[in-house]
Amino acid sequence: MYKLAFIGGSCESIAGYPHFIASQMDKRFEVVSGVFSTNPEINKKTAQRWNIKSYYNTIDELIKNEINNIDAISILTPTPLHIKAIEKLLKLNIPIICEKPLVSSLEDIEKIEKILDVNKHFLVVTNNYSGYPMVRELKQKILNKELGDILHIRLKMPQESFLRPPRSIKYPQKWRLKDEFIPMISLDLGAHLHHLAYFLLEEEPDKVLATYNSFSKYNVVDDVTMLLEYDSGIKGSFWLSKTALGNRNGLHLEIYGSKASAVWHQENPEKLEFSYFTGQKTIIDRGSDIEMIPNPLYHRMTPGHPAGYIEAFANLYNDIANCLDEYFSKKESNNSYVFGFEHAKNGIKLLHNSSISNINKTWIKIN
C-alpha cells in the first residue's frame with residue numbers, strides 16, 4: 001500500500017473527499033499526511049475528520065518531516081496554484097499525482113519542461129471520467145472498429161452552477177471567478193472534454209474555431225463552443241457551459257461512425273446506447289456481455305447497483321498504483337488509462353489556441 005500526502009483537498013473543498021475516498025477504496029493507497037488548507041482551522045478539522053495524525057501548515061514543513069514517509073503527493077489545490085507545487089516536488093523527485101488540469105497556461109507548461117525528466121520523474125494527471133466502465137467499454141469498441149470509421153464527435157459538459165449553484169458547497173469559489181488568457185471554465189470543464197476525446201479517438205485535433213460567451217452576473221467566460229478538425233478527417237465539437245439550467249453535470253458523449261453511433265451520459269453512467277447502420281438500436285450495461293467483465297474493479301457490486309463517480313475515480317487510482325509499481329521497479333509503463341505531462345500539454349495547447357481563435361474569430365491551427 002502506497003503512502004500518500006495531500007496538498008490541498010480539505011474536507012470543505014470539492015476535490016478533497018472524492019480523492020480521499022477513491023484513493024483508499026481498494027487499499028492501494030493510504031493518506032497519511034497533508035497540507036489540506038491554508039486556513040489553520042480547516043486544515044486541523046480535515047486531519048481530525050479523516051483521522052490523519054500528521055498535518056502541516058506549509059508544503060516545506062510537510063516535505064521536511066514526511067519525505068521519507070510518503071511515496072507520492074496528490075496536488076489538489078486550485079488550478080492556478082499547481083505550478084509552484086509541481087516545480088518544488090519535481091526538483092525533489094517526489095512522485096506527483098495532480099488533479100486536472102495540470103496547470104493554467106502555456107507559460108506554466110514551459111516551466112515544467114525545463115525541469116521534467118521523463119526517465120526520472122513520475123507525474124500523472126487525474127482525469128476521472130474515463131474511469132467509468134462504460135466509457136472504457138466504448139473505447140474498446142472504437143478500437144475494435146465496431147463503430148466503423150469515426151466521422152464526427154459531439155462532446156458536451158453543460159452545468160447550471162453559475163445560475164443555480166449547488167447547495168451542498170460554497171460555490172463558486174473566488175478563484176473560479178478570475179479568467180486569465182485561458183478562461184477558467186475551459187480549464188475546469190474543457191480539460192475534461194479534451195481528455196475524453198483523446199481517450200476515445202487516440203488523436204489530437206489539428207484545428208479549432210472557438211466562441212466564448214458570458215451569460216451570468218460574473219464577469220468571466222461561462223459558455224464556450226469549440227469546433228474541431230482532425231488530420232484523419234474527423235470533425236468534432238465541444239460545448240461547455242455553467243449557465244445551462246437543468247444540467248447538474250450534463251457530461252454527454254456522442255460518437256458517430258460509418259457503421260454505428262454511441263451515446264453515453266454521465267448522469268446515467270451504466271448505460272451505453274448504440275444505433276446501427278441496419279436501423280437497430282441497443283443499450284448495454286455492466287450486466288451485458290461486455291469486454292470489461294473480466295476486471296473485478298468494474299464489478300465491486302453486481303449489475304443493477306450503479307457504479308458511480310467515486311468508483312470511476314477509484315479505478316483510476318488503481319491504474320496509478322499499477323504505474324507506481326512499474327516506476328519503483330524501474331519498468332516502462334504502457335498503461336492506456338493513465339496520462340501524464342504530454343497529454344496535459346496538448347490539452348493546454350488546445351485551450352490556448354481556442355482563446356486565440358475566439359479573439360481572431362477564425363480557425364486556428366493548433367500544431
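Here the structure is a predicted model, which means the values were calculated and not measured.

**Considerations on the environment of Tyr317**
Link 1 in the chain: Within the secondary structure, Tyr317 sits in helix H8 (residues 309–328).
Link 2 in the chain: Tyr317 gets classed as buried once you look at its relative accessible area, which sits at 1%.
Link 3 in the chain: Each C-alpha atom of the pair Tyr317 and Asp26 lies 8.9 Å from the other, and the pair is 291 residues apart in sequence.
Link 4 in the chain: Engagement of the side chain of Tyr317 in a polar contact is seen with the side chain of Ser74, the distance being 3.2 Å.

**A short note on helix H7 (residues 184–201)**
Link 1 in the chain: Taking 1.5 Å per residue as the helical rise, H7 with its 18 residues ought to reach 26 Å, and the 25 Å between its terminal C-alpha atoms agrees with that figure.
Link 2 in the chain: Where H7 bends most, at Gly190, the angle is about 40°.
Link 3 in the chain: In terms of residue burial, H7 counts as a mostly covered element, since 17 of its 18 residues are buried.
Link 4 in the chain: Immediately downstream of H7, the backbone of Glu202 shows phi near 55°, a positive value.

**Focus: the pattern of salt bridges**
Link 1 in the chain: Under the counting rule described, the total for this entry stands at 22 salt bridges.
Link 2 in the chain: When the shortest N-O distance is used, the salt bridge between Lys242 and Asp188 registers 2.6 Å. One end of the pair, Lys242, is in the loop between strand E10 (235–241) and strand E11 (252–257); the other, Asp188, is in helix H7, with 54 residues separating them in the sequence. With respect to burial, Lys242 and Asp188 carry one shared label: buried.
Link 3 in the chain: Several salt bridges converge on common partners, so that one network encompasses Lys100, Arg176, Asp188 and Lys242.

**Looking at empty space enclosed by the protein**
Link 1 in the chain: Per the counting criterion, the structure on display carries two cavities of 30 Å³ or more.
Link 2 in the chain: Contributions of two or more residues to the lining of the largest cavity are made by H7 and helix H9 (341–360).
Link 3 in the chain: Top contributing element to the lining of the largest cavity by residue count: H9, with five residues.
Link 4 in the chain: Looking at side-chain class alone, the lining of the largest cavity contains seven nonpolar, five polar and one charged residues.
Link 5 in the chain: Considered class by class, the residues forming the lining of the second largest cavity number five nonpolar, no polar and three charged.

**Some thoughts on the nonpolar core**
Link 1 in the chain: With 82 residues, the main nonpolar core has Ile86, Leu102, Ile112, Leu155, Met226, Phe238 and Ile255 as its most contacted residues.
Link 2 in the chain: Those residues in contact with Leu102, other than ones at most four positions away along the chain, are His82, Ile86, Ile109, Ile112, Leu123, Val125, Phe341 and Ala344.
Link 3 in the chain: Core analysis: the second largest hydrophobic core is formed by 26 residues, Phe6, Ala22, Phe36 and Ile97 among them.

**Here's the deal with the packing of aromatic side chains**
The geometry of an aromatic ring pair is captured by two quantities: the separation of the ring centres and the angle between the planes.
Link 1 in the chain: All chains considered together, the criterion is met by 20 aromatic pairs.
Link 2 in the chain: With a centroid separation of 6.4 Å and 90° between ring planes, the pair formed by Phe6 and Trp50 is classed as edge-to-face. Of this pair, Phe6 sits in strand E1 (residues 2–8) while Trp50 sits in the loop between helix H2 (40–49) and strand E3 (54–55); the two residues are 44 residues apart in sequence, bridging distant segments of the chain.
Link 3 in the chain: On the numbers, 4.3 Å between centres and 10° between planes, the contact of Phe20 with Trp50 is stacked.

**A closer look at unusual backbone geometry**
Link 1 in the chain: Here the amide bond leading from Lys100 into Pro101 is cis, since omega sits at -15°, within 30 degrees of zero.
Link 2 in the chain: Within the secondary structure, Pro101 sits in the loop between strand E5 (96–99) and helix H5 (106–113).
Link 3 in the chain: Here the phi dihedral of Asn51 falls at roughly 60°; this positive angle occurs in a residue that is not glycine.
Link 4 in the chain: Within the element layout of this structure, Asn51 appears in the loop between H2 and E3.
Link 5 in the chain: What makes Asn51 exposed here is its relative accessible area of 66%.
Link 6 in the chain: The phi angle at Lys330 is positive, at roughly 60°, despite the residue not being glycine.
Link 7 in the chain: Locating Lys330 in the fold gives a position in the loop between H8 and strand E15 (339–340).
Link 8 in the chain: Judged by relative accessible area, which is 78%, Lys330 ranks as exposed.

Calculation criteria
Residues numbered from 1 in each chain as written. Predicted model: local features only at pLDDT ≥ 70, side-chain atom pairs only at ≥ 80, totals over all residues. Heavy atoms only, no water. Helix = DSSP H or I, 4+ residues; strand = E, 2+ residues; numbered from the N terminus. Buried < 20%, exposed > 50% of the residue type's maximum accessible area, 1.4 Å probe, protein only. Polar contact = N/O pair within 3.5 Å; in protein donor to acceptor, adjacent residues only side chain to side chain. Expected span 1.5 Å × (residues − 1). Bend = angle between axes of the 7 residues up to and from the residue. Salt bridge = Lys/Arg side-chain N within 4 Å of Asp/Glu carboxyl O. 1 Å grid on protein atoms, 1.4 Å probe; cavity = no way out; pocket = protein on both sides within 12 Å on 5 of 7 lines; lining within 4 Å. Points joined across faces, edges and corners; volume = space filled by probe spheres on them. Nonpolar A, V, L, I, M, F, W, Y, C, P; charged D, E, K, R; others polar. Core = buried A, V, L, I, M, F, W, Y, C linked by side-chain atoms within 4.5 Å. Contact = heavy atoms within 4.5 Å. Phe/Tyr/Trp six-rings, centres within 6.5 Å; stacked < 30°, edge-to-face > 60°.

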